[in-house]
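Residues per chain are reported as follows:
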Amino acid sequence: MNPDAEFQNLIRPHLLNMKPYGYIAPLEVVSEDGGFPAGRLIKLDGNENPYGCSPRVRKALSEYPYYHIYPDSEQRELRKALQEYAGVPAEQIVVGSGSDELIDFVMRLFVNPGDRVVNCVPTFGVYQFSTESYGGQVVSVPRDGAFAIEVSAVKEAARAGAKVVFIASPNNPSGNTTSIEDVLEVLGSQVIVVVDEAYYEFCGQTVIPLVAGHPNLIVLRTFSKWAGLAGLRVGYGIFPRKFAERLFRVKPPYNVNAAAQIAAIESLKDLDYLRQTIRAIVSERQRLGTELAQTGLLQPWPSQANFVLCSVLEGQAARIHRELRQRGILVRYFDTPLLRDCLRISVGKPEHTDALVAALSGIC
Ligand SMILES: *Cc1c(COP(=O)(O)O)cnc(C)c1O
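Reading the values: rules and limits
Residues numbered from 1 in each chain as written. Predicted model: local features only at pLDDT ≥ 70, side-chain atom pairs only at ≥ 80, totals over all residues. Heavy atoms only, no water. Pairing = 2+ DSSP bridges. Helix = DSSP H or I, 4+ residues; strand = E, 2+ residues; numbered from the N terminus. Axes fitted to C-alpha atoms, helices over the stretch in contact; angles between N-to-C directions. Contact = heavy atoms within 4.5 Å. Near = heavy atom within 4 Å. Polar contact = N/O pair within 3.5 Å; in protein donor to acceptor, adjacent residues only side chain to side chain. Nonpolar A, V, L, I, M, F, W, Y, C, P; charged D, E, K, R; others polar. Phe/Tyr/Trp six-rings, centres within 6.5 Å; stacked < 30°, edge-to-face > 60°. Buried < 20%, exposed > 50% of the residue type's maximum accessible area, 1.4 Å probe, protein only. Salt bridge = Lys/Arg side-chain N within 4 Å of Asp/Glu carboxyl O. Parallel < 35°, antiparallel > 145°, perpendicular 65-115°, else oblique. Left-handed = near helix turned anticlockwise from the far one by under 90°. Patch = residues over 30% accessible without salt bridge, like charges linked within 9 Å, V, L, I, M, F, W, Y side chains within 5 Å. Areas by Shrake-Rupley, 256 points an atom, 1.4 Å probe, with all protein chains shown as cover.

Draft legend 1. Looking closely at the sheet that holds strand E4 (residues 137-142). Strand order in this open sheet of 7 strands is E2-E8-E7-E6-E5-E3-E4, and the pairing throughout is mixed. Here the strands that pair on one side only, and so sit at the sheet edges, are strand E2 (93-96) and E4. Pairwise comparison of adjacent strand axes, ignoring direction, gives a mean angle of 25° for this sheet. Examined bridge by bridge, strand E7 (residues 217-222) and strand E8 (residues 235-238) share 4 bridges and lie antiparallel to one another. Bridged to Leu220 within E8 is Gly237. Along the sheet, helix H6 (residues 126-133) makes contact with strand E3 (116-121), E4, strand E5 (162-168) and strand E6 (192-196), crossing E4 at roughly 155°.

Next comes the structure, spelled out in structure tokens:
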């Protein structure tokens, strides 16, 4: 027997057929493939903040003297700052290496192999990815024609023995929110409901006030989108007290590195600056939608986030994606049945919208 194969048998079986997460290619790779200098690429595929992080973050990181010391495992200073920002006691806040890690923590707390997790599709891919990596079983409940969750179908799936329901609001990639009434309805089923508010700052709607009265509600947030910290990996979760306490006993001790903690703290000290960039993005979102509709090539969906999902003529999404890429413009294409005729375009600076619209007029 091939000795390699022998030890392969030791890998946990549920991992063998798992589909890898379709992450976006790093800038250097796209730049090399397309022959564009990285600085000239227009990156509208990752919902990142085109204005970058706060200048306070850069300064604080360059001056920090203690990179050789382990970071605070309990993230005290950051959680104190978040207590004020999010309006919940620090004891209920847990910080992660991106909210992706919080999704993993939810699995760690609740999902045994075989347990069911409800996913309102199309939605953010990490819910499925994380569920499968813990051997859980994903129950996909399709959204309706306008991407709203089907509350009665979600409740039915929850009652049929699911442990966790994920609801992204605003949803990625559709950009629409789920109403507080709908979240309340789902909370009435005896399951853990995770509301992922990764794009909260672009819409202002939150269910955080509900956490106090609902011992089965978890809310996730991130610094990746609004605060321009995607590369540093910092997100947080608001948990019912008992879950937060448990999580601090089972999470990896130094899960959020020192640079990420400093960057998040400095961001929260520079809200005036960051809110200015959020306002610029929200107003550009409006213009981007209008301009894209006028091309006749794309039909934008209304968005409460920092991206716009667009329907395109049947069978054209892959081609438009490819041709834009050849022109140095990156947008997100999903090769999945529910999104085959869609492209997701992040809101950039006004000049990025102009370049995109000009490129589209050359494509038809
Ligand atoms: C981008 C995104 C995240 C991940 O954020 P990180 O903090 O960068 O891990 C989580 N949820 C949704 C819905 C997202 O779109």
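Next comes the rest of the write-up.
Draft legend 2. Expanded view of the site of the ligand. Taken together, 13 residues form the shell around the ligand, and within it Ser99, Asp196, Thr222, Ser224 and Lys225 come nearest. With respect to the ligand, the side chain of Asp196 contributes an N or O atom lying 2.5 Å from a nitrogen atom. By residue class, the composition of the shell around the ligand is 4 nonpolar, 5 polar and 4 charged.

Draft legend 3. Geometry of the packing of aromatic side chains. Summed over the entire model, instances satisfying the criterion amount to 12 aromatic pairs. Centroid distance Tyr64 to Tyr67: 4.9 Å. Interplanar angle 70°. Geometry classified as edge-to-face. Overall, Tyr64 belongs to the partly exposed group, its relative accessible area being 27%. When the centroid spacing of 4.9 Å and the interplanar angle of 85° are considered together, the rings of Phe110 and Phe243 count as edge-to-face.

Draft legend 4. Geometry of the pattern of salt bridges. This structure, assessed with the given rule, holds 21 salt bridges. The salt bridge partner of Glu74 is Arg76, with a shortest N-O separation of 3.7 Å. For Asp354, the salt bridge is made with Arg287, and the minimal N-O distance between the two is 3.0 Å. Of this pair, Asp354 sits in helix H14 (residues 350-361) while Arg287 is found in helix H12 (residues 271-295), placing the two residues 67 residues apart along the sequence.

Draft legend 5. View of the pairing of strand E11 (residues 329-333). Counting buried positions along E11 yields 5 of 5 residues, so the element is predominantly enclosed. Here E11 shows no split at all, with Ile329, Val331 and Tyr333 on one side and Leu330 and Arg332 on the other all buried. Here strand E1 (residues 42-44) runs beside E11; their pairing, made up of 3 bridges, is parallel. Bridging across to E11, Leu44 finds its partner in Val331. In terms of strand pairing, E11 meets strand E12 (residues 342-346) through 2 bridges, oriented antiparallel. Note on E12: the bridge partner recorded for Tyr333 is Leu343.

Draft legend 6. Quick look at the packing of helix H7 (residues 151-159) against helix H8 (residues 180-187). The geometry of H7 relative to H8 is characterised by a closest axis approach of 9 Å and an angle of 20° between their N-to-C directions. For the element pair H7 / H8, the angle class is roughly parallel. Crossing of H7 over H8 shows right-handed handedness. Residues Val151, Val154 and Lys155 of H7 form the contact with H8, whose participating residues are Asp182, Glu185 and Val186. Classifying every residue of the contact of H7 with H8 gives 3 nonpolar, no polar and 3 charged.

Draft legend 7. Quick look at a nonpolar patch on the surface. On the surface, Ile11, Leu15 and Leu16 cluster together into a nonpolar patch covering about 240 Å² of accessible area. Mapped onto the elements of the fold, Leu15 is located in the loop between helix H1 (3-8) and helix H2 (27-34). Note on Leu15: relative accessible area 31%, which makes it partly exposed.

Draft legend 8. Main features of unusual backbone geometry. In this structure, the amide linkage connecting Val121 to the following residue, Pro122, adopts the cis form with an omega of 0°. Along the chain, the position of Pro122 falls in the loop between E3 and H6. Backbone torsion omega between Asn172 and Pro173 reads 15°, so that peptide bond is classified as cis. Counting through the fold element by element, Pro173 comes out in the loop between E5 and H8. One non-glycine residue with positive phi stands out, namely Asn47, at about 55°. Summarising the element assignment, Asn47 is placed in the loop between E1 and helix H3 (55-63). A positive phi angle, close to 70°, is found at Phe147, a residue other than glycine. Structurally, Phe147 is set in the loop between E4 and H7. Judged by relative accessible area, Phe147 falls into the buried class, the value being 10%.

These figures come from the coordinates and say nothing about function on their own.
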